[in-house]
Amino acid sequence: MSMMMGRNLKRYDSTSNLIHKSVSNLAAAGSHGGLSQIVEASSEKSHSSLTKVICTVGVQSRTVPELVALLRAGMNVARFDFSWGSMAYHTATLENLHTAMKQTKILCATMLDTRGPEIGVQLAPDDVTSFDAAAPKEPIVLEQGSRVTLTTDTRVKASAKFLPVNNPAMTKFVQPGDDVFVGQYLFTGTEASSVYLKVEEVDEALGHIHCTCKNTARLSGVLLTVQVSNKGDDLPTLSEFDIHVIKHWLVPHKIDFLSLSFTPDAAAVHECRALLRELGPTGANVNIIAKVERLNALKRIDEIIAAADGVILSRGNLGLDMPPEKVFLSQKMVLFKCNAAGKPVVLTRVVDTMTDTPRPTRAEATDVANAVLDGADAIMLGAETLRGMFAPEAVATVRRICRQAEKVFDFENHYQQQLPSAMVDRGVLSQSEALASSAVRAASKVNAAMIVVFTRSGHTARLVSKYRPNVPIVSLVIPRIQQDSIRWILQGEQAARQGLINRGVVPLLANPTHSDMTGLLRVVFDFAKRNGTVKEGDQVVVIQKVGTTSVVKVMAMDF
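Model, not experiment: these values are computed from the prediction.

S.K.: Just to check I follow, could you spell out the overall build of the chain for this structure?
M.R.: Within the chain, the secondary structure is distributed over 21 helices and 24 strands. For the chain, the residues scored as buried account for 55% of the 559 residues in total. Counting every atom, the chain has about 24000 Å² of accessible surface; 53% of that belongs to carbon and sulfur.

S.K.: Sorry, what's going on with the sheet that holds strand β16 (residues 345–348) here?
M.R.: The strands making up a sheet associate through hydrogen bonds between their backbones, and the pairing can be parallel or antiparallel. The sheet built from eight strands closes into a barrel, its strands ordered β1-β2-β3-β13-β14-β15-β16-β17 with parallel pairing. Taking each pair of neighbouring strands and ignoring which way they run, the sheet shows an average axis angle of 25°. Here helix α16 (residues 391–406) sits on the sheet in contact with β1 (52–56) and β17 (378–381), set at roughly 155° to β17.

S.K.: Explanation requested: the environment of Pro344 in the structure shown.
M.R.: Counting through the fold element by element, Pro344 comes out in the loop between α13 (324–341) and β16. Pro344 sits 36 residues away from Ala308 along the chain, and the two C-alpha atoms are 9.9 Å apart. What Pro344 contacts, discounting residues up to four positions off in sequence, is Asp309, Gly310, Val311, Asp377, Ile501 and Asn502.

S.K.: What is the right way to read the confidence of the model for the chain from this model?
M.R.: When pLDDT is low, close inspection of the predicted coordinates is not appropriate. Looking at the chain as a whole, the pLDDT averages 85, with 84% of positions reaching at least 70. Ignoring residues within four places in sequence, the model shows residues 1–16, a span with pLDDT below 50, making 24 contacts including any to other chains. Every residue in residues 27–33 scores below 50 in pLDDT, and together they form three contacts with partners more than four places removed in sequence or on other chains.

S.K.: Just to check I follow, could you spell out the sheet that holds strand β7 (residues 162–164) for this structure?
M.R.: Across the sheet, which stays open at both edges, the seven strands sit in the order β4-β12-β8-β9-β10-β6-β7 with mixed pairing between neighbours. Each edge of the sheet is formed by a strand with only one pairing partner; in this case those strands are β4 (119–122) and β7. Ignoring strand direction, the axes of neighbouring strands in this sheet form an average angle of 30°. As paired elements, strand β8 (residues 179–184) and strand β12 (residues 223–228) share five bridges and run antiparallel to each other. When the bridges of β12 are listed, Gly183 appears paired with Thr225.

S.K.: For this particular structure, what's the right way to read the packing of aromatic side chains?
M.R.: Centre distance and the angle of the planes are the two values used to describe a pair of aromatic rings. Under the definition given, this model contains seven aromatic pairs. Lying across the ring of Tyr89, Arg62 places its NZ or CZ 3.9 Å from the centre. Here the guanidinium or amino end of Arg503 rests over the ring plane of Phe409, the centre of that ring lying 4.9 Å away.

S.K.: Explanation requested: the nonpolar core in the structure shown.
M.R.: Most often, soluble globular proteins keep nonpolar side chains buried together rather than apart. Counting 75 residues, the largest nonpolar core has Met75, Leu97, Leu250, Val334 and Leu381 as its most contacted members. Ranked by the residues each element gives to this core, the list is headed by α16, at eight residues. Residues Leu123, Val199, Cys211 and Val226 belong to the second largest nonpolar core, which totals 27 residues.

S.K.: Sorry, what's going on with the pairing of strand β14 (residues 287–292) here?
M.R.: Side-chain direction in a regular strand flips from residue to residue, so the side chains alternate between the two faces of the sheet. For β14, the tally of buried residues reaches six of six residues, placing the bulk of the element in the interior. Bridge analysis of strand β13 (residues 257–260) against β14 gives four bridges, and the strand direction is parallel. Looking at β14, one finds that Leu260 is bridged to Ala290. Pairing of β14 with strand β15 (residues 310–313), which is carried by four bridges, proceeds in the parallel orientation.

S.K.: What am I meant to see in unusual backbone geometry here?
M.R.: Among all residues except glycine, the phi angle is most often negative; among peptide bonds, the trans geometry is most common. In this structure, Lys105 is a non-glycine residue whose phi angle is positive, near 60°. Its location among the elements puts Lys105 in the loop between α4 (87–104) and β3 (109–113).

S.K.: Before we go on, may I ask you to explain the packing of helix α14 (residues 362–374) against α16 in this structure?
M.R.: In helix packing, the relevant descriptors are the interaxial angle and the interaxial distance, both defined with respect to the helix axes. Put simply, α14 and α16 touch, their axes get as near as 8 Å, and they point 50° apart. Considering the angle they form, α14 stands oblique to α16. For the element pair α14 and α16, the recorded crossing hand is right-handed. For the pair α14 and α16, contact is made by Ala365, Val368, Ala369, Val372 and Leu373 and by Val398, Ile401, Cys402, Ala405 and Glu406, respectively. Residue classes in the contact of α14 with α16 are distributed as nine nonpolar, no polar and one charged.

S.K.: What is the right way to look at the side chain of Ser61 in this model?
M.R.: By the element assignment, Ser61 lies in the loop between β1 and α3 (64–73). Relative accessible area serves as the criterion here: at 1%, Ser61 is assigned to the buried category. Within polar-contact distance, the side chain of Ser61 engages the backbone nitrogen of Gly58 at 3.1 Å. In terms of polar contacts, Ser61 uses its side chain to reach the backbone carbonyl oxygen of Thr385, at 2.7 Å. In this structure, Ser61 is in contact with Thr56, Glu66, Leu67, Leu70, Thr93, Thr385 and Leu386, ignoring residues within four places of it in sequence.

Conventions we followed
Residues numbered from 1 in each chain as written. Predicted model: local features only at pLDDT ≥ 70, side-chain atom pairs only at ≥ 80, totals over all residues. Heavy atoms only, no water. Helix = DSSP H or I, 4+ residues; strand = E, 2+ residues; numbered from the N terminus. Buried < 20%, exposed > 50% of the residue type's maximum accessible area, 1.4 Å probe, protein only. Areas by Shrake-Rupley, 256 points an atom, 1.4 Å probe, with all protein chains shown as cover. Pairing = 2+ DSSP bridges. Axes fitted to C-alpha atoms, helices over the stretch in contact; angles between N-to-C directions. Contact = heavy atoms within 4.5 Å. pLDDT = per-residue confidence, 0-100. Phe/Tyr/Trp six-rings, centres within 6.5 Å; stacked < 30°, edge-to-face > 60°. Lys NZ or Arg CZ within 6 Å of the ring centre and 35° of its normal. Core = buried A, V, L, I, M, F, W, Y, C linked by side-chain atoms within 4.5 Å. Parallel < 35°, antiparallel > 145°, perpendicular 65-115°, else oblique. Left-handed = near helix turned anticlockwise from the far one by under 90°. Nonpolar A, V, L, I, M, F, W, Y, C, P; charged D, E, K, R; others polar. Polar contact = N/O pair within 3.5 Å; in protein donor to acceptor, adjacent residues only side chain to side chain.

Written as structure tokens, this is what we have:
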């Protein structure tokens, strides 16, 4: 692993230059009046950050008022994690989300997170409405040095002697000497309900795995997550349950993103995409976001990035597979590679303590800022919004930290770094890359307040995001009206929502019957004025087609 990381790091030594330049920016800010930026309270709204926030919804964040609060705090994507909860349970939450969007007039994308080969110990039914009400009355207490047996017999009640796991194949790949982690679902690390086990003996006939506890723990909650260090890669990425949910929930509800849990390689992404395409145009248009959660996936990161539409770096599970001192290196490597490929990259596990407290720790606040400086498109919140008591505060806090970090992000250096990776034959940029990079360069030169992109698929706007301009990118999606054998269908809504995962992209859906470009720009400008993004006299960069030619032009806000 060390040799692999070393080789990868040599391929992007310029990352260290980015760090040094960011530090220089901070120092320069302090020497030129930047101290006021530090000591004075910020008057900006959390929505002003370009970096996006994905929220795991359910339990403490599934009623209309709770979802309205998350939308107003800055939620961009709602994540439905099928590791726990039935289709009926998540459908009710989704319907409430649609109601909340209508009330607030705030657009929000949706994401299905597959269960995959995840192993769990379930302590409560899927459809309960409260973790506290569903959890066992008394926690399961495990003492350091005591013995506990993991059993594949799910009829056995969980206790200090037996923990029933939901994967019957576990005895086939676990061996004596393996390390096993058992912790609360979406564990934060702050609670004591996490235990590390050492496998002593495996009885495949009985389905028993006998272990010794390496620490004392009190296991509680409705679901316990089980992970065997660097094992289980041969299990199917899509379980039968996942395939059922994709066919009967994701496609009918027109979900925007599929988060492919425990993605091992590019082949798993291709297999998932083939399944989606078999389910018709709605399935084919779903973006696949590969979750990198295992060390072996990290070794195949280049092929995974190439195959997927984006990447989630799942630091919680990945951190159990590798030494803690290596985690930051993997983060910088994956973010760098995704940025170069123009693929959105999401970081997890940032403000865990806000599950129980209204403020993050100093280390967590710094971690969020470093994620932005490293190039993250979005931050994903798990327990903080799923079962946390301060969900809207967590979203707003993360957005405010992101905006402060964006103010010292080295946009110029990032822009220069992206150009070589975008070169194709003989060092020439593709037409799309040339258009996107030119718009960002023009915006920088004229100090533009906004970039507007006329698009049908959202692809050009996402390319502009790759070059990380320090201004919003309004993606004005021009929809198509198509007719099947039964009805008229509006194509473009999903493409608009899918821009909500890219840094800086603000999607708008144009009126399909309105083709006048000046009129459409007026709609965008009015929207930006109401949000405080632009004012009279500001410069705006526009990418649009004139006839068959795509052009970049600079306009003044004079109406």
